[in-house]
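# Structural description and commentary
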Amino acid sequence: MNCEQVRELLGKKERADLGFYPTPFYKLERLSRHLGVNLFIKREDFSGKSLFGGNKIRKLEYLLGDAKRQGAEYIFTYGATQSNHAMQTVEACRREGLKPVLYLLAIVEPDEEDLKGNLLLDKIMGAEVHIIKMNPGESEAEADERMYRLGKEHIARLEAEGHKCYDIPIGGASIVGTAGFIGGFVELKEQLDEMGLHVDYLFHANGTGSTMAGLVAGKRLLGSDIRIVSVDVSCHGGDYKRSRVQLGNDTLRWLGAEPVLREEDFDIDASYYLPGYEIPSEGGTEAIKMMAEKEGLLLDPVYSGKGFAGLIDYVRSGKVAPGSNVVFLHTGGATALFAEKEILGKLW
């Protein structure tokens, strides 16, 4: 398919007007010289109509479009207390006149008398926030399950009272949300074509895998040979890749396209997330400082910092050859630089 044909499929779905597109795409000249590759950046952090955008805005355009089509009044979603997705959901709901309800897991427990970062923004925008603290001996997976259960029970109570609710999974990782980054890949391809530029690699930070599934689906639809490297920022179970293939194929079916994705289409690297989710790493800290000092741009310690750390290591180790054309997808999240010190790490 070509870009126009994919856009035609996407155009058949309801979509809220939440972002400024296309997002900026340009070369990072100083970092290119420093690393010895031609490094370009795709600024998804510029997507939103408030000060704080990010990669979730593309997903939320389709998610809230679908919610409004169904007549929803309340929007529920989930994440950690400093979740970029949750904050961007609140921002999008306020623009669309919907009521946001957040269930947030305190992996790093916040001081509720001194709120910071995204949690502060959630409160300023008037979201209904439920902070779920981890019980002694409880694993993160068990706490997540309890958080989701509490959210479902809340939805059931509201719907019993006659209120229509729309439930968005963590990270916007649904077939509806994933469609946003099929559109995102189409947009990038159009920018590359306009510049007459062939790109070898696209790096991005990977969490729930919805952005990844959309990018890979867009790549396959357009027959692109860009290698997409998805740098994990948390630990995933053994069936994770298979489930993301399924998510991408289900999204293609939803759009009316052939489900063409296979496991070998996904290039996921879990070498850079340690010591864990929302825990800063030495590589991530170096990456944040390098981007800040060379280009005056801000990454975050949870997602984009670790994603860029993976890119740096691929270049240094020779996995990415000198002179390659490389794109870094900036997914936003710099608000984490104003979060709890346990998340931030030692950046000065």
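What counts as what
- Residues numbered from 1 in each chain as written.
- Predicted model: local features only at pLDDT ≥ 70, side-chain atom pairs only at ≥ 80, totals over all residues.
- Heavy atoms only, no water.
- Pairing = 2+ DSSP bridges.
- Helix = DSSP H or I, 4+ residues; strand = E, 2+ residues; numbered from the N terminus.
- Axes fitted to C-alpha atoms, helices over the stretch in contact; angles between N-to-C directions.
- 1 Å grid on protein atoms, 1.4 Å probe; cavity = no way out; pocket = protein on both sides within 12 Å on 5 of 7 lines; lining within 4 Å.
- Points joined across faces, edges and corners; volume = space filled by probe spheres on them.
- Nonpolar A, V, L, I, M, F, W, Y, C, P; charged D, E, K, R; others polar.
- Expected span 1.5 Å × (residues − 1).
- Buried < 20%, exposed > 50% of the residue type's maximum accessible area, 1.4 Å probe, protein only.
- Contact = heavy atoms within 4.5 Å.
- Core = buried A, V, L, I, M, F, W, Y, C linked by side-chain atoms within 4.5 Å.

Okay, the sheet that holds strand S5 (residues 128-133) next. Taken in spatial order, the four strands line up as S5-S4-S3-S6 in an open sheet, and their pairing is parallel. The sheet is open, and its two edges are formed by S5 and strand S6 (165-167), each paired on a single side. Across the sheet, the mean angle separating the axes of adjacent strands is 20° when strand polarity is ignored. Judged from the three bridges that link them, strand S3 (residues 74-80) and S6 form a sheet pairing that is parallel. Paired with phenylalanine 76 across the two strands is aspartate 167, which belongs to S6.

Here the largest pocket is characterised by a volume of approximately 1,100 Å³. If you trace the largest pocket, you find 45 residues lining it, with Tyr148, Ile170, Gly207, Thr208 and His236 closest to the centre. Contributions of two or more residues to the lining of the largest pocket are made by helix H3 (56-69), S3, helix H4 (84-96), helix H6 (140-160), strand S7 (201-206), helix H8 (210-222) and helix H9 (240-255). If you tally residues by element for the lining of the largest pocket, the top one is H6, at six residues. Within the lining of the largest pocket, the residues separate by chemical class into 16 nonpolar, 20 polar and nine charged. Taken as a whole, the second largest pocket holds about 280 Å³ of empty space.

Once that is clear, we can look at H9. With 16 residues, H9 ought to run about 22 Å at 1.5 Å a step, and its terminal C-alpha atoms sit 23 Å apart, in line with that. Along H9, the residues that are buried comprise Tyr240, Arg244, Val245, Leu247, Gly248, Asn249, Thr251, Leu252 and Leu255. Along its buried surface, H9 packs onto helix H1 (3-10), helix H7 (175-195), S7, H8, strand S8 (227-232) and strand S9 (268-269). In the stretch just after H9, glycine 256 is the one whose phi turns positive, near 90°.

Attention now moves to the nonpolar core. With 51 residues, the main nonpolar core has Leu64, Ile75, Tyr166, Ile182 and Leu202 as its most contacted residues. Those elements that provide at least two residues to this core are H1, H3, H4, H7, H8, H9 and strand S10 (325-330). Among the elements that make up this core, the one with the highest residue count is H7 (eight residues). Formed by 29 residues, the second largest nonpolar core is a distinct cluster that contains Leu35, Leu39, Met290 and Ile312.

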